[in-house]
Amino acid sequence: MFTIEPIQAALSKVKTGMDFPNFIREIKNLGVTKIETSLKDNKTIYFNERNENLITPSMYTDLEIAPEYNPGKFKKYLTIHKKGETDYLSFCKNCADAGIERWRVDLNKMTCVYFAKDNTLVYQEVILRNF
């Protein structure tokens, strides 16, 4: 059964960006196939293979998204987050500061795609190469 409680339990273990790979492994085992996160309205939606979806409760207030995407800032913020130097809320604030409005994680393709305010795809990365 596809329910929010096990996803929230997995999410509660995430303290920094270094915890992201374990989180992805755990929720993939729960049947999650896609995650869509919107920073502006603070929504994260989890989808399964039947395209059913679950929305987690808000973790912070809505964020103001910078009007222009700044690739230098974003890549710096992403790098320090992956090293474990920021928590999730800080990463969200940093992404908004760099002009990122939302991202999508595809657990079948193992990619994370970031979008700017105008819905332009601005950055894509492969996640968990050794998964």
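Note that the structure is predicted; figures quoted are calculated from it, not measured.

Cut-offs used in this document
Residues numbered from 1 in each chain as written. Predicted model: local features only at pLDDT ≥ 70, side-chain atom pairs only at ≥ 80, totals over all residues. Heavy atoms only, no water. Helix = DSSP H or I, 4+ residues; strand = E, 2+ residues; numbered from the N terminus. Rg over C-alpha atoms; globule rule 2.2 N^0.38 Å. Buried < 20%, exposed > 50% of the residue type's maximum accessible area, 1.4 Å probe, protein only. Contact = heavy atoms within 4.5 Å. Areas by Shrake-Rupley, 256 points an atom, 1.4 Å probe, with all protein chains shown as cover. Lys, Arg positive; Asp, Glu negative; His and termini not counted. Charge placed at Lys NZ, Arg CZ, Asp CG, Glu CD. Expected span 1.5 Å × (residues − 1). Arc of directions from axis to C-beta. Polar contact = N/O pair within 3.5 Å; in protein donor to acceptor, adjacent residues only side chain to side chain. Axes fitted to C-alpha atoms, helices over the stretch in contact; angles between N-to-C directions. Parallel < 35°, antiparallel > 145°, perpendicular 65-115°, else oblique. Nonpolar A, V, L, I, M, F, W, Y, C, P; charged D, E, K, R; others polar. Salt bridge = Lys/Arg side-chain N within 4 Å of Asp/Glu carboxyl O.

A. Looking closely at the overall build of the protein chain. Within the protein chain one finds four helices and six strands. Taking 131 residues into account, the globule formula puts the C-alpha radius of gyration at 14 Å, and the protein chain, at 14 Å, falls close to it. Counting only residues that meet the buried cut, the protein chain has 43% of its 131 residues in that class. The contacts of the protein chain with a sequence gap of at least 6 include a subset with a gap of at least 24, amounting to 49%. Summing over all exposed atoms, the protein chain offers an accessible surface of approximately 7,400 Å²; the carbon and sulfur share of this is 50%. Side chains of the protein chain give 19 positive and 17 negative charges; the mean places of these two sets differ by 4 Å.

B. Up close: helix 3 (residues 71-82). Taking 1.5 Å per residue as the helical rise, helix 3 with its 12 residues ought to reach 16 Å, and the 16 Å between its terminal C-alpha atoms agrees with that figure. Listing the buried residues of helix 3 in full gives F74, Y77, L78 and H81. The buried residues of helix 3 occupy an angular sector of 100 degrees when projected down its axis, which confines them to one face. N-cap assignment for helix 3: the residue whose side-chain oxygen lies 3.2 Å from the backbone N of G72 is N70.

C. Layout of the packing of helix 3 against helix 4 (residues 88-97). Running from N to C, helix 3 and helix 4 cross one another at 170 degrees; their axes reach a closest spacing of 9 Å. Here helix 3 is positioned roughly antiparallel relative to helix 4, judged by the angle of their axes. Contact residues: K73, F74, Y77, L78 and H81 in helix 3; Y88, F91, N94, C95 and D97 in helix 4. Of the residues belonging to the contact of helix 3 with helix 4, the class tally is six nonpolar, two polar and two charged.

D. Focus on the side chain of E101. Here E101 is to be found in strand 4 (residues 100-106). One buried charged residue, E101, remains without a salt bridge, the closest side chain of opposite sign being K40 at 5.0 Å. In this structure E101 touches T37, S38, L39, K40, I65, F115, A116 and K117, once residues within four positions along its chain are discounted.

E. Looking closely at unusual backbone geometry. In this model, N51 sits at a positive phi of 65 degrees, which is unusual for a non-glycine residue. By the secondary structure assignment, N51 is in the loop between strand 2 (43-48) and strand 3 (53-55). Positive phi, close to 55 degrees, is recorded for M110, a residue that is not glycine. For M110, the location among the structural elements is in the loop between strand 4 and strand 5 (111-116).

F. Structural view of the side chain of H81. By the secondary structure assignment, H81 is in helix 3. Every residue in contact with H81, bar those within four places of it in the chain, is listed here: T16, G17, M18, T86, D87, Y88 and F91.

G. Main features of the pattern of salt bridges. Applying the stated criterion to the full structure yields seven salt bridges. Residue R104 is joined to E36 by a salt bridge in which the shortest nitrogen-to-oxygen separation is 3.5 Å. Highlighted residues: R104 in strand 4 and E36 in strand 1 (residues 32-38), separated in sequence by 68 residues. A relative accessible area of 24% means that E36 is categorised as partly exposed. Taken together, the shared-partner salt bridges in this structure form one network comprising K34, E36 and R104.

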